[in-house]
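Residue-level structural notes
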Amino acid sequence: MKKTVIIDTDPGIDDAIAIFLALTSEKLDVKLITTTAGNLPVEKVTSNALKLVHLTGKKGIEIAKGARKPLIKTLFTAEEFHGENGLGGVELPEGNQKESRYHAVEAMKDLISNSKEKVHIVAIGPLTNVASLIIAYPNILNRIEQLSIMGGAYEGGNATPTAEFNMYVDPEAAQIVFNSGIPIALFGLDVTHKAVLFQEDIEKIRGIGNRVSDAAAGMLDFYTKGRTNGMPMHDACAVAYLINPDLFTFIPCNVQVETKGEFTYGQTIIDKNRLSDRPINAKAAFEVDREELASMIYRSLSSF
Ligand code: RIB
Ligand code: CA
């Protein structure tokens, strides 16, 4: 039985790889892609989502635009990592598909309410849409099988010294999500920094020679610029888990998100050693089979 999947995303180069991986898996049925402001403003990431799906040739996937800003703070974007167009300067053709006439949260609610199967949500951007769904429609949350979230870190950060980007953009939303009671698999920097593609992996992708792999290679060239120790496939982890959970090793823990700290705003407090009396509300991944993940991405891109 295929998993019914919603991808909430801010494409974004690593989001693009994650979307390609999801749309080529025989284990996943991606019904809806929702967009949120994050790497770039929501108009741009929505245009990118439409172009990425068009590039794959996959049909029947609704694409709904969502949050244009975080719940409370002003938007913080990441053009320096993803390029001004969000895809590393790779220009993709426009398709005919238009964005849904429904807001992302409404589209999520409708899909989750009407789905016979419980729905998996892959959240690979700031959690503004997911938190808004939780606030607006508490009665459907039991129809969500699990949230597979890319974000946070037990140690360190990439937006600030203590905060990972997705959590830092909207900490208030993240705190709502982690305390919603929905089962959560979390892929923070501790594991995504091990989930890297090396230059030889990118050269293998470049050698595939189809329209999607060519675009992916071009995006990865931009994303990798200047890095020598491999390029983290942050968002692909949250998708790969749904395809093959055995790729990852998890620790059950309580996760909270700092929303008041002057220097720690957006930090995820991942209590992996159970030092607090707070109840377990997530499982956080700390190890990954990097070789197999790289192979999965290669096989996905080769299938177009
Ligand atoms: O910290 C990595 C996350 O921030 C990824 O989702 C990447 O796309 C950016 O959104
Ligand atoms: Ca992302």
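Provided above is the structure to which this section pertains.
So, how was this worked out
- Residues numbered from 1 in each chain as written.
- Chains lettered and ligands numbered in written order.
- Predicted model: local features only at pLDDT ≥ 70, side-chain atom pairs only at ≥ 80, totals over all residues.
- Heavy atoms only, no water.
- Phe/Tyr/Trp six-rings, centres within 6.5 Å; stacked < 30°, edge-to-face > 60°.
- Helix = DSSP H or I, 4+ residues; strand = E, 2+ residues; numbered from the N terminus.
- Donors = N, O, S within 2.8 Å, 3.2 Å for Na, K, Ca; no water.
- Buried < 20%, exposed > 50% of the residue type's maximum accessible area, 1.4 Å probe, protein only.
- Contact = heavy atoms within 4.5 Å.
- Near = heavy atom within 4 Å.
- Polar contact = N/O pair within 3.5 Å; in protein donor to acceptor, adjacent residues only side chain to side chain.
- 1 Å grid on protein atoms, 1.4 Å probe; cavity = no way out; pocket = protein on both sides within 12 Å on 5 of 7 lines; lining within 4 Å.
- Sits in = over half its atoms within 2 Å of the grid points.
- Nonpolar A, V, L, I, M, F, W, Y, C, P; charged D, E, K, R; others polar.
- Salt bridge = Lys/Arg side-chain N within 4 Å of Asp/Glu carboxyl O.
- Axes fitted to C-alpha atoms, helices over the stretch in contact; angles between N-to-C directions.
- Parallel < 35°, antiparallel > 145°, perpendicular 65-115°, else oblique.
- Left-handed = near helix turned anticlockwise from the far one by under 90°.
- Disulfide = S-S within 2.5 Å.

Applying the stated criterion to the full structure yields 10 aromatic pairs. Between phenylalanine 20 and phenylalanine 304 the ring centres are 6.1 Å apart and the planes differ by 70°, which places this aromatic pair in the edge-to-face class. Linking phenylalanine 20 in helix H1 (residues 13–23) with phenylalanine 304 in the segment after helix H12 (290–302), this pair joins segments that are 284 residues apart in sequence. Between phenylalanine 187 and tyrosine 241, the aromatic rings sit 5.4 Å apart at their centres with planes inclined by 50°, giving tilted as the arrangement.

Within the protein, the calcium ion (ligand 2) binds to Asp10 (OD), Asp15 (OD), Asp15 (OD), Ile124 (O) and Asp235 (OD); these donor distances fall in the range 2.2 to 2.6 Å. Sequence spacing among the residues donating to the calcium ion (ligand 2) works out to D-x4-D-x108-I-x110-D. Linking aspartate 10 in the loop between strand S1 (3–9) and H1 with aspartate 235 in helix H11 (residues 234–243), this pair joins segments that are 225 residues apart in sequence. Note on aspartate 10: relative accessible area 1%, which makes it buried.

Attention now moves to the side chain of serine 213. Examined against the element boundaries, serine 213 turns out to sit in helix H10 (residues 211–224). When its relative accessible area of 0% is taken as the criterion, serine 213 is described as buried. For serine 213, the residues in contact, after removing those within four places along its chain, are Ile205, Ile208 and Leu301.

Around ligand 1, the surrounding shell holds 13 residues, and the nearest of these are Asp14, Asp15, Asn158, Glu164 and Asp235. Within the contact set of ligand 1, an oxygen atom lies 3.0 Å away from a side-chain nitrogen or oxygen of asparagine 166. The cavity that encloses ligand 1 is the largest pocket. When residues of the shell around ligand 1 are traced back to their parent elements, those giving at least two are H1, helix H6 (165–169) and H11. Residue composition of the shell around ligand 1, grouped by class: 3 nonpolar, 5 polar and 5 charged.

A separate point is the pattern of salt bridges. If you walk through the whole model with that rule in mind, you get 12 salt bridges. For the salt bridge of lysine 194 with glutamate 287, the shortest nitrogen-to-oxygen distance reads 2.9 Å. Linking lysine 194 in the loop between helix H8 (189–192) and strand S7 (196–197) with glutamate 287 in strand S11 (residues 282–288), this pair joins segments that are 93 residues apart in sequence. We classify lysine 194 as partly exposed; its relative accessible area is 35%. Judged by relative accessible area, glutamate 287 falls into the partly exposed class, the value being 40%. By sharing partners, the salt bridges in this structure join Glu43, Lys65, Arg68 and Glu99 into a single network.

How two helices sit against one another is set out by the angle between their axes and by the gap between those axes. At a closest axis distance of 9 Å, the pairing of helix H4 (residues 104–114) and helix H5 (residues 128–136) adopts a crossing angle of 60°. Taken together, H4 and H5 sit at an angle that is classed as oblique. Pair H4 / H5 crosses with right-handed handedness. On the side of H4, the interface is formed by Ala104, Val105, Met108, Lys109 and Ile112, while H5 contributes Asn129, Val130, Ser132 and Leu133. Looking at the contact of H4 with H5, its residues break down into 6 nonpolar, 2 polar and 1 charged.

So, on to H1. Counting buried positions along H1 yields 11 of 11 residues, so the element is predominantly enclosed. Taken together, the buried positions of H1 are occupied by Ile13, Asp14, Asp15, Ala16, Ile17, Ala18, Ile19, Phe20, Leu21, Ala22 and Leu23.

So, about the state of the cysteines. Overall, the coordinates contain 0 disulfides when judged by the stated rule. Just so you know, cysteine 237 is unpaired, no disulfide at all, and the nearest cysteine sulfur is the one on cysteine 253, 16 Å from it. Its relative accessible area of 0% is what places cysteine 237 among the buried residues. Of the residues examined, cysteine 253 reaches a relative accessible area of 0% and is grouped as buried.

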